[in-house]
Structure formats: structure tokens, C-alpha cells
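# Examining the three-dimensional arrangement
Here's the letter readout for the chains.
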Amino acid sequence: MIETQEQSGDRQPEADIALIRNMMMAGRKRAGVDGAHLVLWGALLMGTFLMQYSSVVGYIPKMGPALWGGMMIIGWLGSFYLGRKIPRAHCEHNIALTGYTSAWLAVGITMAAYFITSTLSGQPDNRTITVLSAGTFGSAFFVISHVLNVKLLRFVAVGWWAIMVYMVQLKNFDAEILLVMGFACGPLILVPGLFLRRLAGSEQ
Amino acid sequence: MAGYNYRNVDDIIHSRVRLMIMSFLAAARSADFTELKKQLEVSDGNLSTHLKKLEDAGYVVQSKSFKDKKPQTLIAISESGDAAFKEYVESLAATIGLNNS
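Quick caveat, the model's predicted, so the values are computed rather than measured.

Reading the values: rules and limits
Residues numbered from 1 in each chain as written. Chains lettered and ligands numbered in written order. Predicted model: local features only at pLDDT ≥ 70, side-chain atom pairs only at ≥ 80, totals over all residues. Heavy atoms only, no water. Helix = DSSP H or I, 4+ residues; strand = E, 2+ residues; numbered from the N terminus. Buried < 20%, exposed > 50% of the residue type's maximum accessible area, 1.4 Å probe, protein only. Contact = heavy atoms within 4.5 Å. Areas by Shrake-Rupley, 256 points an atom, 1.4 Å probe, with all protein chains shown as cover. Salt bridge = Lys/Arg side-chain N within 4 Å of Asp/Glu carboxyl O. Patch = residues over 30% accessible without salt bridge, like charges linked within 9 Å, V, L, I, M, F, W, Y side chains within 5 Å. Pairing = 2+ DSSP bridges. Phe/Tyr/Trp six-rings, centres within 6.5 Å; stacked < 30°, edge-to-face > 60°. Arc of directions from axis to C-beta. Core = buried A, V, L, I, M, F, W, Y, C linked by side-chain atoms within 4.5 Å.

## Regarding the overall build of chain B
When helices and strands are tallied, chain B shows 5 helices and 3 strands. Burial statistics for chain B: of 101 residues in total, 47% are counted as buried. Counting contacts in chain B only where the partners sit at least 6 residues apart, residues at least 24 apart contribute 50% of the total. A total of about 5400 Å² of accessible surface is found on chain B, and carbon and sulfur atoms cover 49% of it.

In C-alpha cells, the structure reads:
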């Protein structure tokens, strides 16, 4: 108590609020999670689902697995580039960044493993890949909502799990599902990515 | 300008250096000792003393490890530290008449 009063005898709450704001800004930059990966993957997935829908209904020529393969290659290359842009020092012992990266890496590995094995075995299944995507996206958002302490992302996780449940109970899995997934990628990946970017640059 | 009501202030957080540590960690969640020292521009001894007080209060958790054969100390904010910091900021905001921090 004595030490505190001695140290803060001439301090004012307004100055402390400014100090807190500055330090939190520095801390947020340290966290290094700016949502760029989500914006990239959100846009790619949205575009791919909508292109696949257009392909299935005949608006554009049939594209098959090449469409998804191309999307994954672009996505992984983009993620690799974005990952290299983050200074190494920011990644070391950064629990938030490690949690965020690991969650999305797990999604990427799961999806790539399913895509490769199902394509090689000649049994790619739209329902399985859709359910798997929705489930893993929901799990990743749930994890990052906790490591980043951004409660809003829990609603995004619930959104993906709701889509997963909807897909599982569907009797007929038709082309319109691709439209649902395409449009879901907007509010449930692209928008959270833009929100995290805004948060990272925020002065709050 | 409104001054502090010291009866309502969390002494552990209120020290200027500890307030800076908690503010930084509230956003970053964790940092290593060297980085924290650089951010705060304080000496090793000064930072250690303040971290010890925060650790004794349960507001931060320190863990030691080795990287490239060099010892490293990682400091992370705890759940109770997070709650205490939020309460501190809310009382600070109330002091100057802000409804929401």
C-alpha cells in the first residue's frame, strides 16, 4: 500500500487509461493473430464452393477434384507466405499464436488427408467432406475463441456445428448444399477474419 | 480530473510497472522475460520483483525452459489475473465517469 501510494502520488486515472491502452496495443501486436489466414481461406472456400455449384448445375464446364486440389494448393502457398511474414520472434513462446496456428493446421491436415485418400481410392464423398469441414471449422473456432479470449468466435463455432448437424440429417444431398456452404463461408470465416484484422489494428 | 480512491484500488495491479505488465499480458496472453523487459524498459531486477508480486497474488504464472541451451522464462496471465485486471479497468473507468472500458 505504502509503495503504491508513493509510486502513484501524482498519477491520474486518465493517464493510466492511456497507459493501459498503449500497453494493450503492444500486447495485441505481439499476439500476431491478424486474421489474414481466415480472410484468405474464407475467400478461397467461398469461391470454390460457388464454382463447384456452378459446375454441377452446368453454368461452367465440369471441373471435378482439380477445383479443390487447385484451391488447396493456392491456400497452402498463401498460408506459407503469410506465415513467413510474421517475425520469428513473435511466434516463440506465444501461446495465443501457437494455439491459433495449431487449430488451423489441424483443420488443414484433416481436410488434405481426407481429400487425398478419398481421391486416390476413387471414393470422394461430398457429404463426408462437407460434414468434416463444418465440424473441424467449428472446433477450430471454439479453440481460438478460448486462446484469443474473443467470445464472439464461440457463436461462429456454434454456427459451423449447426451446419454440420443440418448436413448430417439431410435426406437428399443435392447441389444446393454447395450454395449453402459457399454462402456460409462468408459470415462464418471471411467476416471473423476481417473482425480479427480490425481487432489487431484497433486502438481499443 | 477525478483522483484515485485508494480504498477501491487493487494494490497489486496499481503499481505503474505491474499495471504495464498486466495490460500487456491481458492482450498478448504470454511473453518471455526478455521481451517484457524490452517493452517496459525496466531492469532485470525491477521486473523480477514486480513479477514475483504478481505471481504471489496468482495473477501471472511463470515457467522456465531452455532454448538453444539458454534459460528462458515465460510469463502468462492467469484466469484470476485476467479477472482482476478487468475489474481494475472497470473501476478505473467508473472513476473517470466512463460506463464501459
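## Here we look at the pattern of salt bridges
Residues and elements named next belong to chain B. Throughout the structure, instances matching the rule amount to 3 salt bridges over all chains. Ionic pairing is found between Lys-37 and Asp-44, a salt bridge with its closest N-O pair at 2.9 Å. The shortest N-O distance in the salt bridge between Lys-52 and Asp-56 comes to 3.0 Å. Of this pair, Lys-52 and Asp-56 both sit in helix 4 (residues 44-56), 4 residues apart, roughly one helical turn. Take Lys-52: its relative accessible area is 44%, and that puts it in the partly exposed class. Taking the relative accessible area as the measure of exposure, Asp-56 reaches 55% and is therefore exposed.

## Regarding the side chain of Ser-55 of chain A
Mapping Ser-55 of chain A onto the fold places it in helix 3 (residues 36-57). When near neighbours in sequence (up to four residues on either side) are disregarded, Ser-55 of chain A contacts Ile-60, Pro-61, Lys-62 and Met-63 of chain A.

## Let's talk about a nonpolar patch on the surface
A cluster of nonpolar residues, Val-56, Val-57 and Tyr-59 of chain A, forms a patch on the protein surface that exposes about 300 Å² of accessible area. Mapped onto the elements, Val-56 of chain A comes out in helix 3.

## Looking at the pairing of strand 3 (residues 70-77) of chain B
Residue and element names in this part refer to chain B. With 6 of 8 residues buried, strand 3 lies mostly within the body of the structure. The pairing of strand 1 (residues 30-32) with strand 3 spans 3 bridges and is classified as antiparallel. Residue pairing for strand 3: Asp-32 is matched across the bridge by Leu-74.

## Notes on the packing of aromatic side chains
Residues and elements named next belong to chain A. On inspection of all chains with the given rule, the structure shows 5 aromatic pairs over all chains. Taking the centre distance of 6.1 Å and the plane angle of 50° together, the rings of Trp-104 and Phe-137 count as tilted. Of this pair, Trp-104 sits in helix 6 (residues 95-120) while Phe-137 sits in helix 7 (residues 126-147); the two residues are 33 residues apart in sequence, bridging distant segments of the chain. Take Trp-104: its relative accessible area is 18%, and that puts it in the buried class. Between the aromatic rings of Trp-104 and Phe-141, the centroid separation amounts to 5.1 Å while the plane-to-plane angle is 80°, which identifies the pairing as edge-to-face.

## Here's the deal with helix 3 (residues 33-40) of chain B
All names here are of chain B. Buried within helix 3 we find Phe-33, Glu-35, Leu-36 and Leu-40. Across the axial projection of helix 3, the buried residues extend over an arc of 165°, all falling on one side. Summarising the geometry of helix 3, the exposed residues directed more than 90 degrees from the buried face are Thr-34 and Lys-38. Positive backbone phi, approximately 55°, marks Glu-41, located one or two places after helix 3.

## Quick notes on the nonpolar core
Core analysis: the largest hydrophobic core is formed by 40 residues, its most contacted members being Leu-45, Trp-104, Phe-141, Ile-144, Trp-160, Ile-163 and Ile-189 of chain A. Put simply, the parts of the chain that give this core at least two residues each are helix 3, helix 4 (65-85), helix 6, helix 7, helix 8 (152-169) and helix 9 (176-201) of chain A. For this core, the element with the most residues is helix 9 of chain A, which contributes 8 residues. The contact partners of Leu-45 of chain A, leaving out residues within four places of it in the chain, are Trp-68, Met-71, Phe-137, Cys-185 and Ile-189 of chain A. The next biggest cluster of nonpolar side chains, apart from the first, holds 35 residues, and it includes Ile-17 and Ala-26 of chain A together with Phe-33 and Ala-84 of chain B.

## Examining unusual backbone geometry
All names here are of chain B. Phi at Glu-41 takes a positive value of approximately 55°, unusual for a residue other than glycine. Mapping Glu-41 onto the fold places it in the loop between helix 3 and helix 4. Among the residues examined, Glu-41 registers a relative accessible area of 72% and is labelled exposed.

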